[in-house]
Amino acid sequence: MKLTFRWYGQDDPVTLEKISQIPTMSGIVSAVYDVKPGGVWSMESIEKIKKDAAAHGLEFEVVESVPVPEDIKLGTEKAPELIANYCENVRRLGKAGVKCICYNFMPVFDWLRSELEHQQPDGANALAYDEETVLAMDPLKGDLALPGWDASYTKEELKDLINAYKEMGEEQLWKNLETFLKAVIPVAHEAGVNMAIHPDDPPWGMFGLPRIITNAEHLRRFLNLVPMKENGLTLCTGSLGANPDNDLIAMCTEFADRIHFLHLRNIKYTGNRKFEEVGHPTECGSIDMFGVAKALVDNGFDGYVRPDHGRMIWGETGRYGYGLFDRALGATYIAGLFEAIEKTK
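Bear in mind the structure is a predicted one, so any value in this text is a computation, not a measurement.

We now examine the pattern of salt bridges. Taken as a whole and judged by the stated rule, the model has 23 salt bridges. With its nearest N and O atoms 2.9 Å apart, the salt bridge here joins Lys182 to Glu178. Residue Lys182 and its partner Glu178 are located together in helix α6 (residues 155-191), separated by four residues, close to a single helical turn. Residue classification places Lys182 among the exposed residues on the basis of a relative accessible area of 51%.

Here the focus is the packing of helix α4 (residues 79-95) against α6. The N-to-C vectors of α4 and α6 enclose an angle of 20°; their axes lie 9 Å apart at closest approach. Considered as vectors, α4 and α6 are oriented roughly parallel to each other. Helix-helix and strand crossings are classified by hand; for α4 and α6 the assignment is right-handed. Every residue of α6 that contacts α4 at Ile83, Tyr86, Cys87, Val90, Arg91 and Gly94 is listed here: Thr179, Phe180, Ala183, Val184, Val187, Ala188 and Ala191. When grouped by side-chain class, the residues that make up the contact of α4 with α6 number ten nonpolar, two polar and one charged.

Let us now look at the pairing of strand β4 (residues 100-103). Note on strand geometry: in a regular strand, side chains alternate between the two faces of the sheet. Of the two faces of β4, the one lined by Cys100 and Cys102 and the one lined by Ile101 and Tyr103 are each fully buried. Here three bridges tie strand β3 (residues 59-64) to β4, and the two strands are oriented parallel to one another. Within β4, the residue paired with Val62 across the bridge is Cys100. Pairing geometry for β4 and strand β7 (residues 194-197), over four bridges, is parallel. Directly across from Cys100, in β7, lies its bridge partner Asn194.

Counting 98 residues, the largest nonpolar core has Tyr86, Ile101, Leu177, Phe180, Met195 and Phe222 as the members making the most contacts within it. Residue contributions to this core peak at 14 residues, all from α6. Among the nonpolar cores identified, the runner-up in size contains seven residues, and Val29, Cys102, Ala196 and Phe261 belong to it.

It is the contact of helix α7 (residues 216-225) with helix α9 (residues 248-255), at a shortest axis distance of 11 Å, that shows an interaxial angle of 20°. In terms of axis orientation, α7 runs roughly parallel to α9. For the pair α7 and α9, the crossing hand works out as right-handed. The residues of α9 that touch α7, namely those facing Ala216, Leu219, Arg220 and Leu223, are Met251, Glu254 and Phe255. The residue makeup of the contact of α7 with α9, split by class, is five nonpolar, no polar and two charged.

With that settled, consider the sheet that holds strand β5 (residues 115-119). Spatially, four strands are ordered β5-β6-β11-β10 in an open sheet, and the strand pairing comes out antiparallel. With partners counted over all chains shown, the strands left at the sheet margins are β5 and β10 (267-271), one partner each. The mean angle between the axes of side-by-side strands here comes to 40°, regardless of whether they run parallel or antiparallel. Relative to strand β6 (residues 125-130), β5 runs antiparallel, the two being bridged by three bridges. Note on β6: the bridge partner recorded for Gln119 is Asn125.

Turning to its location among the elements, Ala96 is positioned in the loop between α4 and β4. Using a relative accessible area of 2% as the deciding quantity, one classes Ala96 as buried. Sequence-distant contacts of Ala96, that is, excluding residues within four places in its chain, are made with Met43, Ile46, Glu47 and Lys50.

With parallel pairing, eight strands are arranged side by side around a closed barrel as β1-β2-β3-β4-β7-β8-β9-β12. In this sheet, neighbouring strand axes are inclined to one another by 30° on average, regardless of whether the strands run parallel or antiparallel. Together, β4, β7 and β8 (231-236) form the strand contacts of α6, whose direction differs from that of β7 by roughly 150°.

What counts as what
All chains use their own residue numbering, which begins from 1 and follows the written sequence. For a predicted model such as this one, the threshold for reporting local features is a pLDDT of at least 70, and the threshold for listing and counting side-chain atom pairs is 80 or more; totals across whole chains, interfaces and linings nevertheless cover every residue. With hydrogens and water excluded, all non-hydrogen atoms of the structure serve as input to the side-chain values. Take a side-chain nitrogen of Lys or Arg and a carboxyl oxygen of Asp or Glu: if they are within 4 Å of each other, that pair is a salt bridge. Under the DSSP-based scheme used, a helix requires at least four consecutive residues in state H or I and a strand at least two consecutive residues in state E, with every element numbered from the N terminus. Each residue is placed in one exposure class: buried if its accessible area under a 1.4 Å probe, protein chains only, is under 20% of its type's maximum, exposed if it is over 50%, and partly exposed if it falls in between. The axes used here are C-alpha line fits, helices contributing only the stretch in contact, and every angle between their N-to-C directions lies in the interval 0 to 180 degrees. Geometric relationships in this document are graded by angle, where less than 35 degrees denotes roughly parallel, more than 145 denotes roughly antiparallel, 65 to 115 denotes roughly perpendicular, and other angles denote oblique. Definitions for this section: a left-handed crossing has its near helix turned counterclockwise from the far helix by less than a right angle. A right-handed crossing has that turn clockwise. For this analysis, residues touch if any pair of their heavy atoms sits within 4.5 Å. Any residue that is not Ala, Val, Leu, Ile, Met, Phe, Trp, Tyr, Cys, Pro, Asp, Glu, Lys or Arg is counted as polar, Gly included; the first ten are nonpolar and the last four charged. Should DSSP find at least two bridges between two strands, the strands are taken to pair. We define a nonpolar core as any set of buried Ala, Val, Leu, Ile, Met, Phe, Trp, Tyr and Cys residues linked to one another through side-chain atoms lying within 4.5 Å.

Nothing here speaks to function; it is geometry throughout.
Right, here's the structure in full:
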């Protein structure tokens, strides 16, 4: 596996220099952040990320993410043009040496939490989710103010989007995803790029919005839409693991050859559809991190891995979930975990 680290560009307080000092770190996971979803990234912008990373001894082989516009998910009349733009981005990224693109097909928002600074007994704070808090809000009345929700939408735009998705339903979202994949995956194959869809976070529906990348059955259905190696998964233990019914070890065993990117983080269940993010090691939470890594190694996984969300510890402040200290601890834990499993296999 290759150990990587999320980097949000020149404005990220976690600098490339700091990332390069993490032992066994091979590269960064980044994106072009100044182009709106649906636009085409310039080669100059892509090459600059690659050049900046290389100056610190880091590779730029993973993009997270190339956002999928809502018009593609909804299948509007704008979708064909936007899919063509998406394909062009895949070609350009492949030309620049990118090997894996992480993306998602979640309606309206990428992830959702009810709290950004949940205080933990040891003094750390972390992201947390409480279903009761979330469902007490009504986005159609404009009282939604939750982490992960795209605040750039006006009240009316948000209402129109939610109503459009409700009217469309889950099966049509699957059909629109299939249309997207049948256009993009052949281009990815030609460009030498693996596409890796990220699961819905959390993996269940809310506010009437359909969520379809949520469990093993749906992962199986997704992979069969276009049964090519390039049509693969980002397996996120924190996202899929938020539902205790999801058997992560079984998923890793079954889908190992189609998992191109791995997000490793631990969570602790604190109630029904209620959890908080914790330190990465198994003993810190409810996810068997060792079991996940072993299932992947035993079944031939050789993709990219990154420590996912970290807590804010030691007084650090910054982008919630993406500070340096706890993610660096997570990275060294992951490196040690894989080394031990691989050497004793």
